[in-house]
Amino acid sequence: MNILKLKQLINTMKNRIFLDSYQKEYITFNEKNIKDTNNKFINSVNEILIEQTIMQPFIFGLSYLSNVLADKYEAKILSFGNYGKMRDYSTEKIYKSFNVLNNIYDDKILNKEILSVIKKEFNSIKTKNDLLNYDYKGLNIGVDVYSTYLRVYDKATVDLNDNNVKRFFAKAIIMTEFWLEYFTKHKVKAVVVSHPCYIKSNIIAKVARLNKIIVYLFDGLYSLEIENVDFYQSKNFHDYLKIWNNLDEEEKITGINWAKNQLNRRFSGEVGVDMDYSKKSSFGKINYNDRVLKQTSKPKILICSHMFSDDPFCYGYFLFPDFYEWLEYLGKKSKELDYDWYIKMHPDYLKQTKLEIDKFLKKYPNIKMLNPNVSHLQLIHEGINCVLTVYGTVGCEYPLFNVPVINAGNNPHIAFSFNYNPKTISEYEEYLEKIPKSKFVCDKNEIYKFYYVHHMYGKFCSIKNTKDDLVIKSYTKLKNDLGHANLYKNSAYLQFIKHVSNHVKENFKTIIENN
């Protein structure tokens with residue numbers, strides 16, 4: 001073990017055992033304002049299960065939500081899950097300060113026979129698609145194994161020979177067995193999770209839904225929704241046109257104007273317009289003195305890469321097992337199709353993404369890397385002919401400038417006709433050969449319709465499904481004042497306490513009663 005890893009391990013151990021001053025102050029706040037000293041539901045047979053996590057916004061909101069649910073169902077509160085082999089005593093102390101009785105460790109082996117089952121099941125996995133589509137007892141847990149492995153180890157793709165894949169596969173089956181048995185023996189009334197993916201959140205959610213137990217997907221500070229299907233984030237995509245058609249005429253006019261304004265703000269270079277995770281704009285000024293695309297008669301193709309490890313399957317499966325395999329396919333096509341090929345990362349790219357793209361470019365030198373900070377407006381001005389993405393936001397941006405976009409799977413734009421959405425790889429290949437050479441026009445109003453419905457009604461944490469003062473007086477103001485990253489530090493607890501909404505309990509009660 002090198003010195004850096006040793007220091008990281010020591011720091012992790014320290015954080016899991018000892019509370020810092022911010023955590024201590026937060027516990028004191030809970031004990032004064034939330035802690036039930038009478039333990040009124042300690043002997044109840046009803047249970048509320050909440051995910052144990054270290055995310056500060058989730059924990060702060062959860063302290064209120066879990067107790068509202070406990071009052072509704074007259075239930076005791078238990079947490080579940082853990083991070084690694086070492087117990088997190090600090091987080092358990094925080095959870096207990098808002099009436100959580102104990103933490104359930106859901107990766108316990110219930111019987112030795114399961115080990116032979118795991119070995120047999122894993123031996124049936126021969127390809128990446130086998131893992132992705134793997135079902136166990138009627139539940140698709142393979143996709144959660146896949147996404148968890150990519151996320152935890154920051155990988156571009158799955159290596160089936162990696163023991164860590166086998167470890168997560170085994171853990172997923174063990175957790176599935178654990179929760180299948182648990183729900184038959186316990187009266188669970190509700191489950192609260194932080195993500196609609198990964199084995200920690202999604203195994204219990206899938207088993208709970210199988211047992212007709214309500215699952216809440218909680219953002220932490222401004223959104224609470226019922227997660228009633230797999231791939232929850234894309235559940236409305238195919239209905240967007242229907243949602244639009246059901247709006248009254250006045251809202252349609254308002255919606256078109258709102259969408260135009262939002263997109264114009266984005267194209268002006270404003271950062272974070274309906275993308276609060278973004279730190280840089282992709283639409284800076286055009287540099288007329290520094291051309292970036294070759295001046296040739298060949299079709300010019302732009303590949304917009306994705307972050308490899310951040311749940312590629314958030315919208316469901318796509319034409320390829322993952323982003324890496326999608327790029328591999330395009331790399332091979334770059335050798336066959338006589339185009340000017342370019343690839344561009346988002347300005348907010350991560351280091352590991354850059355490393356993977358660099359390796360990709362060495363293998364496929366026909367593709368040129370563009371500076372991530374080059375404006376899309378400049379590429380449009382210089383004559384880009386076609387844009388390739390799996391499901392990115394370029395799908396509603398480039399068509400406004402009469403540049404076609406070819407997606408590679410389920411995506412937010414799929415209900416409309418301003419993108420190309422091939423259903424098979426052979427159809428995808430046909431589009432690659434035809435679209436870059438063809439003239440493209442679309443109905444711009446279709447894009448504005450999409451944009452309004454997606455952000456107002458359709459996506460997870462859409463405007464109509466969020467409440468700025470759900471937990472604190474104004475999530476937007478606090479996020480802007482502190483910065484998104486600082487919300488996920490222990491020091492943020494003091495800000496949450498200072499700005500907590502006077503109506504937080506009533507807010508949760510209203511949402512729960514209306515769903």
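The structure this text deals with has already been given above.
These numbers come from a predicted model, not from an experiment. Sequence order as written defines the numbering, with residues in each chain counted from 1. Where totals are concerned, whole chains, interfaces and linings use all residues; where local detail is concerned, this predicted model gives features only for residues with pLDDT of at least 70, and gives and counts side-chain atom pairs only at 80 or more. Note: side-chain values were computed over all heavy atoms of the structure, leaving out hydrogens and water.

(A) Main features of the packing of aromatic side chains. In this analysis, rings of Phe, Tyr and Trp, with Trp reduced to its six-membered ring, are considered paired at centre separations within 6.5 Å, and the interplanar angle assigns stacked below 30 degrees, edge-to-face beyond 60, and tilted for intermediate values. Under the defined criterion, the tally for this structure stands at 45 aromatic pairs. Look at Phe60 and Tyr64: their rings are 5.8 Å apart centre to centre, the planes differ by 65°, and that puts the pair in the edge-to-face class. Of this pair, Phe60 and Tyr64 both sit in helix 3 (residues 56-73), four residues apart, roughly one helical turn. There is no split in this pair, since Phe60 and Tyr64 are both buried. Through pairs of rings, three or more aromatic residues link up here, namely Tyr146, Phe237, Tyr240, Phe313, Tyr315, Phe318, Phe323, Tyr391, Phe416, Phe418 and Phe450. Sitting above the plane of the Tyr73 ring, Lys72 keeps its charged end 5.4 Å from the centroid. Over the ring of Phe168 we find Arg167; its NZ or CZ atom is 4.7 Å from the centre of that ring. Numbered from the N terminus, helices here are DSSP runs of H or I no shorter than four residues, and strands are runs of E no shorter than two. Remark: exposure states derive from per-residue accessible area (1.4 Å probe, protein chains only) relative to the maximum for the residue type, with buried under 20%, exposed over 50%, and partly exposed in between. Should the NZ of a Lys or the CZ of an Arg lie within 6 Å of a ring centre and within 35 degrees of the ring normal, that charge is described as sitting over the ring.

(B) Main features of the side chain of Ser282. With respect to the helices and strands, Ser282 occurs in the loop between helix 11 (249-267) and strand 9 (300-304). For Ser282, a relative accessible area of 10% puts it in the buried group. Engagement of the side chain of Ser282 in a polar contact is seen with the side chain of His346, the distance being 3.3 Å. Here a residue-residue contact requires only that any non-hydrogen atoms of the pair lie within 4.5 Å. Every residue in contact with Ser282, bar those within four places of it in the chain, is listed here: His346, Pro347, Val374, Ser375 and His376. Distance and chemistry together define a polar contact, namely a pair of N or O atoms within 3.5 Å, with one atom able to donate a hydrogen and the other to accept it when in protein, and with adjacent residues in sequence counting only for side-chain atoms on both sides.

(C) Up close: empty space enclosed by the protein. A pocket, in this scheme, is an open set of points on a 1 Å grid over the protein atoms alone with protein on both sides within 12 Å along at least 5 of 7 lines, while a cavity is a set where a 1.4 Å probe fits but cannot get out; residues line either one if an atom lies within 4 Å of a point. Grid points are joined across faces, edges and corners, and a volume is the space filled by probe spheres set on the points. Throughout the structure, instances matching the rule amount to four cavities of 30 Å³ or more. Its volume calculated, the largest cavity comes out at about 110 Å³. Pro196, Cys197, Asn202, Phe231 and Phe313 are the residues nearest the centre of the largest cavity, which is lined by 14 residues in total. Contributions of two or more residues to the lining of the largest cavity are made by helix 7 (142-153) and helix 9 (198-210). It is helix 7 that provides the largest number of residues to the lining of the largest cavity, a total of three residues.

(D) Layout of the pattern of salt bridges. Salt bridges, as used here, are contacts in which a Lys or Arg side-chain nitrogen is within 4 Å of a carboxyl oxygen on Asp or Glu. Across all of its chains, the model carries 24 salt bridges by this definition. The partner of Lys128 in a salt bridge is Glu325, and the shortest N-O contact between them spans 2.5 Å. One end of the pair, Lys128, is in helix 6 (residues 128-132); the other, Glu325, is in helix 12 (residues 323-336), with 197 residues separating them in the sequence. On the accessibility criterion, Lys128 (17% relative accessible area) is buried. Judged by relative accessible area, which is 23%, Glu325 ranks as partly exposed. Where Lys449 meets Glu446, a salt bridge forms, and the shortest distance between an N and an O atom there is 3.1 Å.

(E) Seen up close, helix 18 (residues 475-482). Those residues of helix 18 that sit buried are Tyr475, Leu478 and Lys479. In a view along the axis of helix 18, the buried residues occupy a sector of 100°, so they form one face of it. In helix 18, the exposed positions angled more than 90 degrees off the buried face are occupied by Lys477, Asn480 and Asp481. What the arc covers is the set of directions going from the helix axis to the C-beta atoms.

(F) Fine view of the side chain of Lys344. Relative to the elements of secondary structure, Lys344 occurs in strand 10 (residues 340-344). One buried charged side chain, Lys344, makes no salt bridge at all; its nearest oppositely charged neighbour is Glu397, positioned 9.0 Å away. One polar contact links the side chain of Lys344 to the main-chain carbonyl oxygen of Pro372, over a distance of 2.9 Å. Polar contacts involving the side chain of Lys344 include one to the main-chain carbonyl oxygen of Val374, which spans 3.4 Å. Beyond its immediate stretch of four places on either side in the chain, Lys344 contacts Leu302, Ile303, Cys304, Ser305, Leu370, Asn371, Pro372, Val374, His376 and Leu379. In summary, the charge assignment counts Lys and Arg as positive and Asp and Glu as negative, without counting His or the chain termini.

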